[in-house]
Protein chains: 4
Amino acid sequence: MSVHMIIVMQHQAPKEQLDAVLERLTEAGFQLHISEGVSRTIIGVIGENTKERIAGMAVEAMAGVEKVVPILHPFKLAGREFKPEPTVINLGDLTVGGQEIQVMAGPCAVENEEQLLTVAQSVKEAGATILRGGAYKPRTSPYSFQGLEEEGLKLLAKTREATGLKIVTEVTGVEFVPVVAEYADILQIGARNMQNFQLLKAVGRTTKPVLLKRGPSATFEEWILAAEYIMTEGNFNVIFCERGIRTFESYTRNTLDISSVPVIKHLTHLPVIVDPSHGTGKWHLVTPMALAAVAAGADGLMVEVHPNPSQALSDGPQSLTPDNFLELMIQVRAVAQAINRQMGKLQ
Amino acid sequence: MSVHMIIVMQHQAPKEQLDAVLERLTEAGFQLHISEGVSRTIIGVIGENTKERIAGMAVEAMAGVEKVVPILHPFKLAGREFKPEPTVINLGDLTVGGQEIQVMAGPCAVENEEQLLTVAQSVKEAGATILRGGAYKPRTSPYSFQGLEEEGLKLLAKTREATGLKIVTEVTGVEFVPVVAEYADILQIGARNMQNFQLLKAVGRTTKPVLLKRGPSATFEEWILAAEYIMTEGNFNVIFCERGIRTFESYTRNTLDISSVPVIKHLTHLPVIVDPSHGTGKWHLVTPMALAAVAAGADGLMVEVHPNPSQALSDGPQSLTPDNFLELMIQVRAVAQAINRQMGKLQ
Amino acid sequence: MSVHMIIVMQHQAPKEQLDAVLERLTEAGFQLHISEGVSRTIIGVIGENTKERIAGMAVEAMAGVEKVVPILHPFKLAGREFKPEPTVINLGDLTVGGQEIQVMAGPCAVENEEQLLTVAQSVKEAGATILRGGAYKPRTSPYSFQGLEEEGLKLLAKTREATGLKIVTEVTGVEFVPVVAEYADILQIGARNMQNFQLLKAVGRTTKPVLLKRGPSATFEEWILAAEYIMTEGNFNVIFCERGIRTFESYTRNTLDISSVPVIKHLTHLPVIVDPSHGTGKWHLVTPMALAAVAAGADGLMVEVHPNPSQALSDGPQSLTPDNFLELMIQVRAVAQAINRQMGKLQ
Amino acid sequence: MSVHMIIVMQHQAPKEQLDAVLERLTEAGFQLHISEGVSRTIIGVIGENTKERIAGMAVEAMAGVEKVVPILHPFKLAGREFKPEPTVINLGDLTVGGQEIQVMAGPCAVENEEQLLTVAQSVKEAGATILRGGAYKPRTSPYSFQGLEEEGLKLLAKTREATGLKIVTEVTGVEFVPVVAEYADILQIGARNMQNFQLLKAVGRTTKPVLLKRGPSATFEEWILAAEYIMTEGNFNVIFCERGIRTFESYTRNTLDISSVPVIKHLTHLPVIVDPSHGTGKWHLVTPMALAAVAAGADGLMVEVHPNPSQALSDGPQSLTPDNFLELMIQVRAVAQAINRQMGKLQ
């Protein structure tokens with residue numbers, strides 16, 4: 001059993017204060033390590049849910065207490081202690097979290113059948129294995145286009161039939177979980193919903209792999225605990241997706257935290273991919289950051305590709321044209337080989 | 001009609017590039033202001049949903065375009081343009097957003113009847129008018145206590161009967177909106193759910209005032225747009241609640257952004273209150289920050305008070321003892337008078 | 001003597017690993033507290049400069065070590081442990097850090113004699129006691145106006161003679177310390193130079209009070225350690241000045257962290273003032289934030305006032321007109337009285 | 001000539017307000033673009049130092065003005081407009097900014113001759129071309145070891161003679177520029193001094209290449225303007241060094257912003273390298289982040305290597321052992337080849 005909390009008593013705190021602290025902790029059923037030094041006592045606390053219970057008991061504010069230090073406790077289901085070997089998720093012939101790198105590509109939102117099919121074929125030819133596209137769109141403003149909803153899901157499914165690409169799409173509310181799970185191969189939890197605990201539990205009760213985007217101000221600990229919410233309901237197939245955090249820098253839309261790739265690999269047994277499109281917000285940064293992600297050990301990428309190559313002058317601020325995407329894939333393949341990984345392949 | 005977006009062409013961009021941009025914008029139905037200068041053209045764009053449509057059309061990436069500058073557009077329902085005079089929300093005899101300052105106080109979570117009643121009576125005597133207390137608790141970890149749920153709501157309602165205090169409590173999912181709305185006087189949307197758009201729409205369809213906490217990394221614009229989600233469903237009684245943002249500073253739990261009080265007053269007609277307990281995470285900072293909030297013009301406070309005064313040695317890291325809370329109220333009253341506000345009063 | 005660092009060994013780390021850690025620490029001359037629990041050992045480490053020495057010794061990376069936790073050690077000279085009663089700095093008839101609140105006001109940069117005198121007289125009439133104005137300007141861009149330098153200092157001194165106002169002005173490099181110290185009553189260290197350690201030491205060797213602005217990304221600990229640099233050279237008259245930190249929010253120029261007022265009061269014995277002009281970057285937020293600062297316990301304010309009231313249409317984005325400033329002073333006085341403080345007064 | 005600022009007038013601002021704005025701008029000597037639309041006028045402003053002058057003139061606060069939008073102006077000396085082709089800096093036989101990738105490695109601080117030589121030989125064998133090591137150390141706390149100063153520089157020079165490695169070392173104050181420039185091949189400006197403008201100008205007057213670390217809260221624009229300070233003095237050999245920014249995430253010491261590599265390449269013609277040791281603060285993240293940096297296009301790396309391989313159990317929290325460093329170099333070489341770059345080589 002591991003120590004969950006350390007309580008440092010103040011320099012020369014009187015014995016009555018120490019006794020009061022020990023008594024309260026003992027009454028609450030905690031097991032204690034006591035280290036009495038020359039001038040200061042340190043208490044190690046062991047027990048269930050220590051962090052919140054200690055906070056609730058207000059030990060930090062007791063007379064004589066200098067500091068209460070939480071010890072990052074092992075993540076019960078996501079942690080390496082629970083399962084040392086990496087989790088490899090099967091997706092038909094594809095695997096996520098093993099030797100293969102899977103690239104998920106497609107438009108931001110599903111708009112119509114023809115556009116979707118065109119972009120799907122072009123990303124498949126370039127080497128993508130999974131089609132991304134939003135049917136339910138979480139929008140900052142209520143006045144924006146909210147997505148085609150079930151109609152969009154049907155178009156995604158139709159495109160899967162035509163191309164063989166797997167489908168990943170976002171689910172934005174508990175009430176949409178059944179319908180999205182019916183059509184999609186991977187359920188995406190968006191960044192804004194990373195701590196929508198009802199939604200996490202709902203996808204945890206399905207059997208579909210879940211792509212869990214990092215919240216824009218979520219710490220690694222909070223992100224992994226969000227995965228624990230899904231896993232406690234029985235669904236162990238969680239894929240983390242780094243998409244940038246919010247910082248003071250506004251030239252890029254977010255600051256894409258590539259270090260989350262080795263950090264997630266270090267703390268958990270689960271796969272992690274990177275979304276350089278949302279992570280930077282600028283199309284000319286997508287390819288360099290995709291290469292960085294793969295070099296750092298990411299298990300995949302999620303890339304926005306512009307659905308309409310005929311409007312050839314341009315692409316959206318963060319979307320690649322099909323040509324740019326092809327170039328990205330060529331370079332990604334080279335870096336993947338350099339670190340002894342292979343690109344995923346549809347049969 | 002106001003300009004929504006400004007497009008700055010590059011220095012000496014050739015005419016064909018300018019024409020291509022103008023053509024695309026015109027085709028899309030936008031109205032344009034064109035300013036041709038000696039060496040550079042500037043285009044003002046007017047139209048519905050300009051920001052997202054322009055992004056979707058990828059104008060920023062067109063040849064010859066240097067910069068696309070969004071103009072913060074007036075908030076349709078929350079903005080001062082829509083309704084210049086401040087909104088005053090009636091809550092029985094109390095008002096929020098007028099001359100009165102309302103203090104919401106109580107325990108973090110509802111635990112049992114006796115504790116709740118004790119703390120309710122003590123905060124009422126000190127001058128609080130609204131009882132806060134969580135029945136449904138959004139927890140970062142799935143292994144933590146999740147609240148008493150409907151049982152907790154019943155205890156809150158019972159305490160209201162006994163004391164006359166109004167009730168504010170959090171609703172954590174769409175499915176709980178009906179039951180919470182049945183018991184509570186104010187529905188609280190927690191910081192983690194500030195962009196749970198399904199939940200915002202659901203509380204927007206009730207008739208109860210909504211307390212909308214600021215997300216830990218939400219900009220003012222995003223926060224106000226979250227209020228727009230509630231208001232577009234017909235519920236105009238939104239109260240903003242600043243509770244701190246996430247920054248690099250870790251001595252305080254969050255950085256309580258007091259400037260949000262005058263900013264919200266400047267940009268919207270809605271009331272705004274401050275939660276110095278979650279905003280600082282340290283009990284000894286709660287009173288100074290409560291005074292700061294009131295001096296800056298806040299319409300109220302939300303304060304955690306420790307439910308168990310018999311364990312008199314202590315209070316939680318961010319909870320005040322009933323005695324500390326009484327002291328806070330005495331000082332808040334003095335500052336309120338200095339700026340010509342009155343404390344709210346139950347009949 | 002107090003524990004400076006806690007080392008938590010891993011769950012069931014073998015004895016050899018523990019011994020290796022203990023040996024290295026003992027060799028380095030540290031005094032140790034050892035707490036052997038059922039399954040885990042915790043080591044308290046006592047010694048000089050523990051934090052950096054432990055980091056240098058790489059204990060965190062030794063086999064068997066789970067976590068190294070630094071304990072915020074008392075600040076040797078600035079801390080309350082060193083001197084429990086608050087420091088009151090004398091400035092002629094004025095005091096900073098006692099019952100009085102001093103308001104420092106004036107233009108951003110000194111431009112010419114007439115403007116300076118005009119603004120000085122108007123802020124004095126409104127109740128300011130100290131004139132602010134930059135002679136040496138640290139500019140983000142090398143292409144911007146860099147200040148009048150010694151000429152500006154002379155104008156400040158002349159205005160002091162004419163009005164009796166004390167002078168605070170910034171010193172931007174070690175080489176300017178003698179000349180600025182010759183003219184100014186308070187030496188200001190700007191936010192960008194908060195960790196320019198050579199400069200801190202140089203002002204520490206003067207006898208003038210030092211106004212130490214918080215760096216835009218400085219933690220409380222780093223800020224107080226910067227004060228320690230000044231104090232170790234013998235100058236104990238340090239005044240902290242909160243001026244906003246850099247966060248994701250860009251509507252305000254910085255996020256003014258009002259909580260630094262009670263935090264600095266809690267951790268140190270030194271005075272702290274607030275600069276709402278740089279802290280918000282918007283003139284209409286200056287007065288509410290000035291009131292918030294005073295209510296939270298600040299010992300003073302630093303406010304930009306526009307030097308040219310004849311161009312009456314306007315004031316700079318963050319500067320108040322003389323009229324706005326007068327209004328601010330009336331309200332500040334009322335809040336100061338509410339919390340039993342007085343406004344400083346020149347004889 | 002390019003527009004430097006755009007002024008958006010309010011919806012239906014009366015003509016007198018517009019005239020007042022135009023008059024003030026014209027008086028100040030600006031050239032104007034005026035675009036009068038149906039309901040709103042937009043003014044483009046052209047002139048020297050527009051940003052600060054407009055701010056000083058307080059145009060934003062004039063009646064009728066809705067918004068003042070600065071246009072990111074081309075960086076005069078560092079920008080691609082000034083010099084489209086990339087700058088390649090010669091360092092004896094080595095180049096920085098061309099096809100070669102240079103790895104700078106060594107201990108955090110120079111401690112003694114034997115240690116320095118040992119680590120220098122091991123990093124050279126692994127493929128590093130430049131030795132790093134601090135002689136003057138900027139320390140957050142005045143109670144920490146401040147470096148060997150000139151003695152340290154002499155040891156670095158001696159090690160250069162013995163190994164052929166080039167030397168990069170930090171200069172912490174204007175007064176140390178001559179002595180550091182005498183010994184070092186590259187002068188390093190530390191993150192805390194990125195806006196110490198006196199120091200930037202002083203190194204700008206030397207002929208040595210300057211390694212300019214990014215400040216922990218510096219935007220890309222501020223970082224490039226710091227390079228402009230050096231370049232305006234005549235020294236064009238500036239190398240940017242990303243070393244992480246300060247964010248809310250505390251698991252890593254900083255958030256290493258790999259996107260700065262393609263951003264700097266996009267906005268300037270200067271080289272950029274990455275320091276994954278300070279950028280992450282954890283040795284096990286150094287290699288993955290080094291690979292990411294190279295894949296993203298960095299021109300080099302700066303890596304801390306532990307000076308004492310005989311204490312073989314460990315390495316510092318962010319330092320690699322010589323063995324780990326060798327492994328890093330093998331992998332970096334593979335990724336460099338994958339993107340068609342070569343590793344720098346000493347003759």
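Residues numbered from 1 in each chain as written. Chains lettered and ligands numbered in written order. Predicted model: local features only at pLDDT ≥ 70, side-chain atom pairs only at ≥ 80, totals over all residues. Heavy atoms only, no water.

So, the overall build of chain A
When its secondary structure is counted, chain A shows eleven helices and 15 strands. Along the first, second and third principal axes, the C-alpha set of chain A runs to 80 × 45 × 40 Å. A buried classification covers 66% of the 347 residues belonging to chain A. When contacts within chain A are restricted to residue pairs at least 6 apart in sequence, long-range pairs at least 24 apart make up 69% of them. By element, 49% of the accessible surface of chain A is carried by carbon and sulfur atoms, the whole surface being about 11800 Å². (Helix = DSSP H or I, 4+ residues; strand = E, 2+ residues; numbered from the N terminus. Buried < 20%, exposed > 50% of the residue type's maximum accessible area, 1.4 Å probe, protein only. Contact = heavy atoms within 4.5 Å. Areas by Shrake-Rupley, 256 points an atom, 1.4 Å probe, with all protein chains shown as cover.)

Some words on unusual backbone geometry
Although it is not a glycine, N340 of chain A adopts a positive phi angle of roughly 65°. For N340 of chain A, the position within the fold is in the loop between α11 (322-338) and β15 (342-343).

Regarding the nonpolar core
General note: in soluble globular proteins, nonpolar side chains tend to be found buried as a group. Membership of the largest hydrophobic core comes to 170 residues, with the highest contact counts inside it found for L212, I258 and F325 of chain A together with L212, I258 and F325 of chain D. Not counting chain neighbours up to four residues away, the residues in contact with L212 of chain D comprise I189, M194, L200, W223, A226, A227, I230, V238, I239, F240 and C241 of chain D. Of all hydrophobic cores here, the second largest spans 169 residues; its members include L77, V171 and Y251 of chain B together with L256 of chain C. (Core = buried A, V, L, I, M, F, W, Y, C linked by side-chain atoms within 4.5 Å.)

A closer look at the pairing of strand β3 (residues 41-46) of chain B
Residues and elements named next belong to chain B. The element β3 is extensively covered by neighbouring structure, given that six of its six residues are classed as buried. Of the two faces of β3, both are covered, the one formed by T41, I43 and V45 as well as the one formed by I42, G44 and I46. Relative to β3, strand β1 (residues 5-9) is paired through four bridges, and the arrangement is antiparallel. The residue of β3 that forms the bridge with V8 is I42. (Pairing = 2+ DSSP bridges.)

A look at the packing of helix α10 (residues 283-296) of chain D against helix α11 (residues 322-338) of chain D
Residues and elements named next belong to chain D. Where α10 meets α11, the closest approach of the two axes is 9 Å, and the angle between their N-to-C directions is 20°. Classified by the angle between their axes, α10 and α11 sit roughly parallel to one another. The crossing of α10 and α11 is right-handed. Contacts between α10 and α11 involve W283, V286, T287, A290, L291, V294 and A295 from the first element and N324, L328, Q331, V332, V335 and A336 from the second. Among the residues forming the contact of α10 with α11, the class breakdown is ten nonpolar, three polar and no charged. (Axes fitted to C-alpha atoms, helices over the stretch in contact; angles between N-to-C directions. Parallel < 35°, antiparallel > 145°, perpendicular 65-115°, else oblique. Left-handed = near helix turned anticlockwise from the far one by under 90°. Nonpolar A, V, L, I, M, F, W, Y, C, P; charged D, E, K, R; others polar.)

Describing the environment of F325 of chain B
Residue and element names in this part refer to chain B. The topology assignment puts F325 in helix α11 (residues 322-338). In this structure, the C-alpha to C-alpha distance between F325 and K208, residues 117 residues apart in sequence, is 28 Å. Ignoring sequence-local partners within four residues, the contact set of F325 consists of V103, A105, V123, A126, A128, V303, V305 and L320.

Some points on the state of the cysteines
On inspection of all chains with the given rule, the structure shows zero disulfides over all chains. Among the cysteines around C241 of chain C, which has no disulfide bond, C108 of chain C carries the closest sulfur, lying 13 Å off. (Disulfide = S-S within 2.5 Å.)

Section: the packing of aromatic side chains
Here the structure, examined in full by the defined rule, presents 16 aromatic pairs over all chains. Seen from the ring of Y251 of chain D, K282 of chain D lies directly overhead, with NZ or CZ sitting 4.6 Å from the centre. (Phe/Tyr/Trp six-rings, centres within 6.5 Å; stacked < 30°, edge-to-face > 60°. Lys NZ or Arg CZ within 6 Å of the ring centre and 35° of its normal.)

Here's the deal with helix α3 (residues 113-126) of chain C
For α3 of chain C, with 14 residues, the first-to-last C-alpha span of 20 Å sits near the 20 Å given by 1.5 Å per residue. In this structure, the buried residues of α3 of chain C make contact with β7 (100-106), β8 (130-132), α4 (150-163) and α11 (322-338) of chain C. (Expected span 1.5 Å × (residues − 1).)

Overview of the environment of T118 of chain D
All names here are of chain D. Along the chain, T118 turns up in helix α3 (residues 113-126). Residue class for T118 comes out partly exposed when judged on its relative accessible area of 34%. In sequence terms T118 and V168 are 50 residues apart; their C-alpha atoms lie 17 Å from each other. Within the structure, the side chain of T118 is placed 2.7 Å from the backbone oxygen of E114, a separation counted as a polar contact. (Polar contact = N/O pair within 3.5 Å; in protein donor to acceptor, adjacent residues only side chain to side chain.)

Examining the packing of helix α10 (residues 283-295) of chain B against helix α8 (residues 260-267) of chain C
Each pair of packed helices can be summarised by the angle the axes make with each other and by the distance between the axes. For the pair α10 of chain B and α8 of chain C, the least separation of the axes is 9 Å and the interaxial angle reads 135°. Comparing the axis directions of α10 of chain B and α8 of chain C gives the class oblique. For the crossing formed where α10 of chain B meets α8 of chain C, the hand is right-handed. Listed contacts from α8 of chain C to H284, L285, P288 and M289 of chain B of α10 of chain B are P262, V263 and H266 of chain C.

Quick notes on helix α7 (residues 220-232) of chain A
All names here are of chain A. Look at α7: 18 Å from first C-alpha to last across 13 residues, which is about the 18 Å you get at 1.5 Å a residue. For α7, every residue scored as buried is listed here: F220, E222, W223, I224, L225, A226, A227, E228, Y229, I230 and M231. Just downstream of α7, G234 is the residue with a positive phi angle, here 110°.

Thoughts on the domain arrangement of chain A
A common way to state how big an interface is: give the accessible area lost once the parts meet. Taken domain by domain, chain A comprises domain 1 (5-70) and domain 2 (89-343). Between domain 1 of chain A and domain 2 of chain A, the C-alpha centre-to-centre distance is 45 Å. (Domains from an automatic or database assignment.)

A closer look at the pattern of salt bridges
Side chains carrying opposite charge are able to pair once their charged atoms draw close together. All told, the structure shown has 44 salt bridges over all chains when counted by the stated rule. For R214 of chain B, the salt bridge goes to E242 of chain B, with nearest N and O atoms at 2.9 Å. Of this pair, R214 of chain B sits in the loop between β11 (210-213) and α7 (220-232) while E242 of chain B sits in strand β12 (residues 238-242), placing them 28 residues apart in sequence. E242 of chain B shares its class with R214 of chain B; the two are buried. Between K213 of chain D and D275 of chain D there is a salt bridge whose closest N-O contact spans 2.7 Å. With K213 of chain D in strand β11 (residues 210-213) and D275 of chain D in the loop between β13 (272-274) and α9 (276-280), the pair connects residues that are 62 residues apart, well separated along the chain. Take D275 of chain D: its relative accessible area is 0%, and that puts it in the buried class. One connected set of salt bridges, linked through shared partners, spans R214, E242 and D257 of chain A together with E249 of chain D. (Salt bridge = Lys/Arg side-chain N within 4 Å of Asp/Glu carboxyl O.)

Some words on the pairing of strand β10 (residues 186-189) of chain B
All names here are of chain B. Residues I186 and Q188 of β10 are buried on one face, and the alternating residues L187 and I189, pointing to the opposite face, are buried as well. Two elements, strand β9 (residues 166-170) and β10, share three bridges in a ladder whose sense is parallel. Looking at β10, one finds that V168 is bridged to I186. Handedness of the β-α-β unit built from β9, helix α5 (residues 177-183) and β10 comes out right-handed. In terms of strand pairing, β10 meets β11 through three bridges, oriented parallel. (Right-handed = clockwise from strand over helix to strand, strands pointing away.)

Focus on the environment of A63 of chain C
Positionally, A63 of chain C belongs in the loop between α2 (50-57) and β4 (65-70). Between the C-alpha atom of A63 of chain C and that of K137 of chain C, which follows or precedes it by 74 residues, the distance is 51 Å.

Let's talk about the confidence of the model for chain A
Predicted confidence across chain A gives a mean pLDDT of 89, with 90% of residues reaching 70 or more. At the level of chain-chain contacts, confidence expressed as ipTM amounts to 0.87, with global pTM at 0.87. (pLDDT = per-residue confidence, 0-100.)

Section: the side chain of T172 of chain A
Within the fold, T172 of chain A resides in the loop between β9 (166-170) and α5 (177-183). The contacts of T172 of chain A, once residues within four sequence positions are left out, are Y136, P138, N193 and L199 of chain A together with Q198 of chain B.

Thoughts on the side chain of T172 of chain D
Here T172 of chain D falls in the buried class, since its relative accessible area comes to 7%. Apart from the residues lying within four places of it in its own chain, the contact partners of T172 of chain D are Q198 of chain C together with Y136, P138, N193 and L199 of chain D.

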